[in-house]
Amino acid sequence: MVLEALGDRTRRQIVHRLRAGPSSVGELAAALPVSRPAVSQHLTVLRRSGLVSYSELGTRNVYRLDPAGLRELKNWLDGFWETVLDRYAERVREDSADRADRGTPPRPE
Amino acid sequence: MPGHLTSVEPVRKSVTVPAAPQRAFDLFTAHIQEWWPLRTHSVGAGDAVGVAFGDGVGGAIIETLADGATSVWGTITHWEPPHRVAFTWHAGTTEAEATRVEVTFTQDGPGSTVVRLVHSGWERRPDGASARDGYDSGWEPVIGSFAAAVARAH
């Protein structure tokens, strides 16, 4: 869900902006080359994904990054590289077994 | 806001493989196509047909798609066989959103190597390079990593 939300460049820019601190829709729209309604729509997607949360501050809705979304992202990255290294290790094991079968000693260092 | 809420720690992974460092290094780089999980870990997903690793600093890691199109995942920044290779990483996004991957190969007894991978570069940069470029490396690259591809694959 987080990754789908971040597949869009404008949403990445919004998240990027929110790293500096909480912002209102108006502030985000002023800083980005998109309209206020468009920013609102993107914020809705980001909220559903768990990356962004909001609170009412007086009459303003203020958006901020949500650590839960960040954790999900970190988990995804962990899983990504874990799969990659698993596949790599599997290939090295096959390769070593092939060499043993052929009687080729491992190359000395 | 506390800084820790907006920073991402480097991803650190390691695996021990039954090969000497040189062989482990060669398999990781020159032979990447033999093991990289292209179907799930590529920009083209089902359309990805190959991936190649450059063989020195400045070389690229390039995915090839069925129609012959290519997608550059990153550029090699350090090439020290058989101990270390490092590269920028911007698979699925632009070079401006690149993060960094470093892989080290450490002998761990005869015919055994510990391979450690660190994927970093989405923390706030203290060196001011980002301010100079008008680009604060951070959340954007994280997300760049395959986000679009994953979205398409689902």
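Description of the structure in this document. (Residues numbered from 1 in each chain as written. Chains lettered and ligands numbered in written order. Predicted model: local features only at pLDDT ≥ 70, side-chain atom pairs only at ≥ 80, totals over all residues.)

Observations concerning the packing of helix 2 (residues 9–18) of chain A against helix 4 (residues 36–49) of chain A
Residues and elements named next belong to chain A.
Right, so step 1: It is the contact of helix 2 with helix 4, at a shortest axis distance of 10 Å, that shows an interaxial angle of 80°. Between helix 2 and helix 4, the angle is such that the two are roughly perpendicular. Facing helix 2, whose interface residues are Thr10, Arg11, Ile14 and Val15, helix 4 presents Val39, His42, Leu43, Val45 and Leu46.
Right, so step 2: A class-by-class count of the residues in the contact of helix 2 with helix 4 yields six nonpolar, two polar and one charged. (Axes fitted to C-alpha atoms, helices over the stretch in contact; angles between N-to-C directions. Helix = DSSP H or I, 4+ residues; strand = E, 2+ residues; numbered from the N terminus. Parallel < 35°, antiparallel > 145°, perpendicular 65-115°, else oblique. Contact = placed C-beta atoms within 7 Å. Nonpolar A, V, L, I, M, F, W, Y, C, P; charged D, E, K, R; others polar.)

Considerations on the pairing of strand 7 (residues 113–120) of chain B
All names here are of chain B.
Right, so step 1: Along strand 7, the buried face is formed by Thr113, Val115, Leu117 and His119; none of Val114, Arg116, Val118 and Ser120, which line the opposite face, is buried.
Right, so step 2: With seven bridges joining them, strand 1 (residues 11–17) and strand 7 adopt antiparallel strand pairing. When the sheet's bridge partners are listed, Lys13 is paired in strand 7 with Leu117.
Right, so step 3: Pairing geometry for strand 6 (residues 99–107) and strand 7, over eight bridges, is antiparallel. Across the sheet, the residue bridging to Arg100 is Ser120, located in strand 7.
Right, so step 4: Taken together, strand 6 and the strand that follows it, strand 7, pair antiparallel across an intervening segment of five residues, in which Gly109 is found at a positive phi of about 95°. (Buried ≥ 20, exposed ≤ 12 C-beta atoms within 10 Å, placed from the backbone. Pairing = 2+ DSSP bridges.)

Structural notes on the sheet that holds strand 4 (residues 70–80) of chain B
Right, so step 1: Pairing within the open sheet is antiparallel, and its seven strands lie in the order 1-7-6-5-4-3-2 (chain B). The sheet terminates laterally at strand 1 and strand 2 (48–53) of chain B, the two strands that pair on one side only. Put simply, the sheet's adjacent strands are angled 20° from each other on average, direction ignored.
Right, so step 2: The pairing of strand 5 (residues 84–89) of chain B with strand 6 of chain B spans six bridges and is classified as antiparallel. By the bridge assignment for strand 6 of chain B, Arg84 of chain B is matched with Thr104 of chain B.
Right, so step 3: Against the sheet, helix 5 (residues 67–102) of chain A makes contact with strand 1 and strand 7 of chain B, and its axis sits at roughly 15° relative to strand 1 of chain B, the strand it touches most.
Right, so step 4: The strands touched by helix 1 (residues 21–28) of chain B are strand 1, strand 6 and strand 7 of chain B; relative to strand 6 of chain B, the strand with the most contacts, the crossing angle is about 150°.

Side note on the nonpolar core
Right, so step 1: With 29 residues, the main nonpolar core has Val92 of chain A together with Ala19, Ala24, Phe28, Trp89, Val103 and Val115 of chain B as its most contacted residues.
Right, so step 2: Listed by contribution, the elements that provide at least two residues to this core are helix 5 of chain A together with helix 1, strand 2, strand 5, strand 6 and strand 7 of chain B.
Right, so step 3: No other element matches the four residues that helix 1 of chain B contributes to this core.
Right, so step 4: Membership of the second largest hydrophobic core comes to 18 residues, among which are Val2, Leu6, Leu43 and Leu46 of chain A. (Core = buried A, V, L, I, M, F, W, Y, C linked by C-beta atoms within 7 Å.)

Honestly, it's all geometry; don't read function into it.
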